[in-house]
Amino acid sequence: MKKFEYLKPTTLEEVFSLLEEHGEKAKLIAGGTDVVIMIKKKQLAPDYVISLNNVAGLDNIAETNGVLRIGSMVRHRALENSPLIREKYTALYDATSVLGSVQIRNIATIGGNICTSAPSADTAPPLLALDAQVVIKGGSGERVVPLTNFYLGAGKNVLAPGEVVTEFEAPKALLSAASAYYKLSRRAALDLPIIGVAVYLRLSKDHSCCEDARIALGVCAPIPIRALEAETLLKGSPADNETFERAGEAAAREAKPRDSVRGAEWYRRDMVRVLVPRMARRCVERIKSQCKE
Amino acid sequence: MKKRISFTLNGTLVEKEVEESAMLLEVLRDDFELTGAREGCGQGECGACTVIIDRKAVTSCIYPVMEAEGKEVFTIEGLLGKNNELHPLQQSFLDNAGVQCGFCTSGMIMAAKALLQENPHPTEEEIRHGIAGNICRCTGYVQIVESIKKASEAVSK
């Protein structure tokens with residue numbers, strides 16, 4: 001492994017000035033569960049590793065003014081153990097409770113999971129289904145980018161040199177809505193998904209009709225994607241099995257998976273068809289149970 | 001470059017010159033000669049290097065040593081009692097045949113220790129979830145789960 005200098009700034013301003021000073025010779029590190037392995041495998045060879053672990057204020061989970069805010073340095077384990085996330089943003093709980101292992105979830109962060117920009121990131125489909133925005137800060141200011149526009153390709157995103165993701169924002173959860181994520185994998189732990197499927201559903205008052213819907217797919221394209229046609233099909237339609245199954249077929253047509261060691265193209269597509277309705281039904285169950293409480 | 005860091009290791013404040021690009025596991029093994037934590041995969045996937053940092057189980061093979069500064073690190077060596085008596089988890093692994101070749105054992109016990117600190121009376125499912133990051137290629141896990149279950153019962157008695 002190549003040797004590097006390990007820098008530990010304590011404020012974002014310090015981070016920005018270190019990034020400017022060292023430019024391409026530097027690599028930002030959050031939990032490090034991706035970056036350290038890339039350095040060990042010689043896919044990365046930075047001279048400077050800039051750690052975000054000692055910058056204060058990046059690890060809050062809070063619901064304020066109608067917005068859910070999750071700091072980029074929040075560990076997956078903190079999300080898994082947060083009653084707020086488990087009860088109201090359940091797709092994110094579904095994802096963070098099966099990502100890696102306890103040991104990995106204690107270190108790895110949601111910001112790192114998104115910034116590595118792997119098509120298999122477990123937190124990406126839930127965040128897309130929750131309509132999340134990415135808060136990005138840099139030396140010259142702040143910008144907010146919808147997660148749907150954040151990715152440019154496998155391992156690529158819109159972050160400019162010197163920019164840092166500080167937070168994710170999502171609309172506050174509603175009693176009439178719920179979300180669910182399914183990670184299809186061979187092993188129960190320490191595995192990447194063959195595919196990942198997240199569904200968000202908002203129902204009418206009597207629970208008979210889908211008023212709003214978002215469907216997100218992981219490992220079904222070079223980047224995590226929304227299945228927009230399937231969403232359109234759900235909106236305004238009865239919240240029943242027939243509708244959900246048609247949405248699954250539409251999402252399967254929209255998916256563009258590839259053959260890989262982890263799964264064949266046809267299998268991934270077929271599992272989208274199966275899992276979209278399954279997650280939609282799970283959303284309905286969750287909405288019904290939270291309305292009873 | 002070498003840098004000086006200080007942290008609490010198994011209850012004692014330590015200070016050491018370390019290579020700043022090293023991972024914690026290398027420093028524990030090579031500089032402190034604590035060889036209980038082991039390198040299996042070197043990528044955080046097998047759990048053999050599990051140690052406890054600030055009460056949380058982590059894979060020390062991918063944990064930059066510089067992040068240990070000021071933290072409280074526990075390794076399997078820190079489990080021994082004052083008179084070298086075994087920790088209830090260690091005793092239970094012995095009594096219930098939770099050890100075969102032994103390579104995974106230190107990591108497995110440290111993962112179990114972190115689990116019991118968080119949840120002193122886990123169900124079998126919670127135990128399996130808690131040690132899902134630790135691979136054992138010998139036992140088939142049944143005796144390991146039983147060892148942890150019996151240890152949790154022994155501690156509560």
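Residues numbered from 1 in each chain as written. Chains lettered and ligands numbered in written order. Predicted model: local features only at pLDDT ≥ 70, side-chain atom pairs only at ≥ 80, totals over all residues.

Novice: Is there a simple way to explain the overall build of chain B in this structure?
Specialist: Each helix and strand in chain B was counted, giving five helices and five strands. What you see in chain B, going N to C, is helices and strands ordered as β-β-α-β-β-β-α-α-α-α. Taking 157 residues into account, the globule formula puts the C-alpha radius of gyration at 15 Å, and chain B, at 15 Å, falls close to it. Along the three orthogonal principal directions, the C-alpha set of chain B runs to about 45 × 30 × 25 Å. (Helix = DSSP H or I, 4+ residues; strand = E, 2+ residues; numbered from the N terminus. Rg over C-alpha atoms; globule rule 2.2 N^0.38 Å.)

Novice: Quick question: what am I supposed to make of the interface of chain A and chain B here?
Specialist: On the chain B side, the residues contacting the 21 residues of chain A number 22 residues. Taken together, the elements giving at least two residues each to the side of chain A that touches chain B come down to strand E1 (5-7), helix H2 (35-40) and helix H6 (102-107) of chain A. (Contact = placed C-beta atoms within 7 Å.)

Novice: Teacher, can you tell me more about the sheet that holds strand E12 (residues 195-203) of chain A here?
Specialist: As a general point, the strands of a sheet are linked pairwise by backbone hydrogen bonds and lie either parallel or antiparallel. All names here are of chain A. Taking strand neighbours across the sheet as the criterion, the four strands line up as E11-E12-E13-E14 in an open arrangement whose pairing is antiparallel. Two strands bound the open sheet, and with one partner strand each, they are strand E11 (177-184) and strand E14 (225-226). In this sheet, E12 lies alongside E11 in antiparallel orientation, the contact comprising eight bridges. Considered in E12, the bridge of Ala178 is made with Leu201. (Pairing = 2+ DSSP bridges.)

Novice: Hey, could you run me through the environment of Leu34(B) in this one?
Specialist: Residues and elements named next belong to chain B. Within the secondary structure layout, Leu34 lies in the loop between helix H1 (24-31) and strand E3 (50-53). Classification of Leu34 as buried rests on a count of 20 C-beta atoms within 10 Å. A sequence separation of 42 residues divides Leu34 from Ile76, and the C-alpha atoms of the two residues are 8.7 Å apart. Those residues in contact with Leu34, other than ones at most four positions away along the chain, are Leu28, Arg29, Thr75 and Glu77. (Buried ≥ 20, exposed ≤ 12 C-beta atoms within 10 Å, placed from the backbone.)

Novice: Any chance you could explain the packing of helix H10 (residues 241-254) of chain A against helix H11 (residues 265-292) of chain A here in plain terms?
Specialist: A pair of packed helices is characterised by two quantities: the angle between their axes and the separation of those axes. Residues and elements named next belong to chain A. The interhelical angle for the contact between H10 and H11, taken along N-to-C directions, is 145 degrees, at an axis separation of 7 Å. Where H10 crosses over H11, the two elements pack in a sense that is right-handed. Listed contacts from H11 to Asn241, Phe244, Glu245, Ala247, Gly248, Glu249, Ala251 and Ala252 of H10 are Arg269, Asp270, Val272, Arg273, Val274, Val276, Pro277, Ala280 and Arg281. Partitioning the contact of H10 with H11 into residue classes produces nine nonpolar, two polar and six charged. (Axes fitted to C-alpha atoms, helices over the stretch in contact; angles between N-to-C directions. Left-handed = near helix turned anticlockwise from the far one by under 90°. Nonpolar A, V, L, I, M, F, W, Y, C, P; charged D, E, K, R; others polar.)

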